[in-house]
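# Close look at the chain arrangement
Listed below, chain by chain, are the residues.
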Amino acid sequence: MRTAITLAVLLAAAAPAALAPAALAEDRVPPITDAATLKECGACHFAFQPAFLPAESWRKIMDSLNDHFGENASLPVDVRFHITDYLVANAAGTGKKRHKKEHETTTGAPLRITETPMWVHEHRKLSEAALAKAGSKVACAACHREAARGVYEDD
């Protein structure tokens, strides 16, 4: 009897912890853990987590930094290769703590996260005024205070 009670208490205590990550998985992605990626990408815009795009998208983006959405974002070759390797290794579809809806981004090789089916779906109810207030479609932290940590719960 004592063993059964102990087991029941342990299971009851573990259940909320076991359920919490699954309940929140849809609004979370693994944060960027590479310093060079944070530094170089974050110098000009929000540094997007690799799980938002498939590997082929990251390769295309990193191979065209001389015309990165109208800007020259060229990097030294060794830094570019390092960041590309990191983004590709952690891209959507790699199986590493995958974002629940990341499979929706893997159709083709989109170059803009804001044009992926996942982004469009998640932001479909936002008015133009709300987007304007954020300042940009890619100003994630304006609405998602913990975006840099990979947390995109509605604030």
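Here is what the cut-offs are and how they apply
Residues numbered from 1 in each chain as written. Predicted model: local features only at pLDDT ≥ 70, side-chain atom pairs only at ≥ 80, totals over all residues. Heavy atoms only, no water. Helix = DSSP H or I, 4+ residues; strand = E, 2+ residues; numbered from the N terminus. Buried < 20%, exposed > 50% of the residue type's maximum accessible area, 1.4 Å probe, protein only. Areas by Shrake-Rupley, 256 points an atom, 1.4 Å probe, with all protein chains shown as cover. Arc of directions from axis to C-beta. Contact = heavy atoms within 4.5 Å. Salt bridge = Lys/Arg side-chain N within 4 Å of Asp/Glu carboxyl O. Core = buried A, V, L, I, M, F, W, Y, C linked by side-chain atoms within 4.5 Å. Expected span 1.5 Å × (residues − 1). Polar contact = N/O pair within 3.5 Å; in protein donor to acceptor, adjacent residues only side chain to side chain. Phe/Tyr/Trp six-rings, centres within 6.5 Å; stacked < 30°, edge-to-face > 60°.

Further remarks concern the overall build of the protein. The number of helices and strands found in the protein is seven helices and zero strands. Within the protein, the fraction of its 155 residues that count as buried is 31%. Entry remark: accessible area of the protein is about 9,800 Å², with carbon and sulfur atoms responsible for 59%.

In this section: helix H3 (residues 55-63). Because each turn of an α-helix spans 3.6 residues, side chains separated by three or four positions end up pointing in the same direction. Ala-55, Ser-57, Trp-58, Ile-61 and Met-62 are the residues of H3 that are buried. End-on, the buried residues of H3 take up no more than an arc of 160 degrees, which puts them together on one face. Buried residues in H3 make contact with helix H4 (77-89).

Applying the stated criterion across every chain, the model contains five salt bridges. Between Lys-39 and Glu-40 there is a salt bridge, and its shortest N-O distance comes to 4.0 Å. We note a salt bridge from Glu-56 to Arg-59, for which the minimum N-O separation is 3.5 Å. Here the residue Glu-56 and the residue Arg-59 both occupy positions in helix H3, the gap between them amounting to three residues, near one helical turn. Arg-59 gets classed as partly exposed once you look at its relative accessible area, which sits at 36%.

Another aspect to go through is the nonpolar core. Soluble, globular proteins show a tendency: their nonpolar side chains are buried together. The biggest cluster of nonpolar side chains holds 26 residues, and the ones touching the most others in it are Trp-58, Ile-113 and Tyr-152. Those elements giving two or more residues to this core turn out to be H3, H4 and helix H5 (117-122). Beyond its immediate sequence surroundings of up to four residues, Trp-58 is in contact with Phe-48, Gln-49, Pro-50, Leu-53, Leu-87, Val-88, Ala-91 and Ile-113.

For the rest of this paragraph, the subject is H4. Compared with an ideal rise of 1.5 Å per residue, which puts 13 residues at 18 Å, H4 spans 18 Å between its outermost C-alpha atoms and is within 8% of the ideal. Three or more residues of H4 are buried, namely Arg-80, Ile-83, Thr-84, Tyr-86, Leu-87 and Val-88. Its buried side turned inward, H4 meets helix H2 (35-42) and H3.

Turning our attention to the side chain of Gln-49. The residue Gln-49 is located in the loop between H2 and H3 in this model. Among the polar contacts made by the side chain of Gln-49, one reaches the main-chain carbonyl oxygen of Ala-147 at a distance of 2.7 Å. If sequence neighbours within four positions are ignored, Gln-49 has contacts with Val-29, Pro-30, Pro-31, Ile-32, Trp-58, Ala-147, Ala-148, Arg-149, Gly-150 and Tyr-152.

Looking now at the packing of aromatic side chains. If you walk through the whole model with that rule in mind, you get two aromatic pairs. An angle of 80 degrees between the planes, with centres 5.3 Å apart, marks the rings of Phe-46 and Phe-48 as edge-to-face. Considered together, Phe-46 and Phe-48 belong to a single accessibility category, that of buried residues. Note on Phe-52 and Tyr-152: the rings are 5.3 Å apart at their centroids and 85 degrees apart in plane angle, and the pair reads as edge-to-face. Here Phe-52 is found in the loop between H2 and H3, whereas its partner Tyr-152 is found in the segment after helix H7 (140-143), with 100 residues between them in sequence. The burial state of Phe-52 is the same as that of Tyr-152; both residues are buried.

So, about the environment of Ala-73. Relative to the helices and strands, Ala-73 is located in the loop between H3 and H4. Setting aside anything within four residues of it in sequence, one finds Ala-73 in contact with Leu-65 and His-68.

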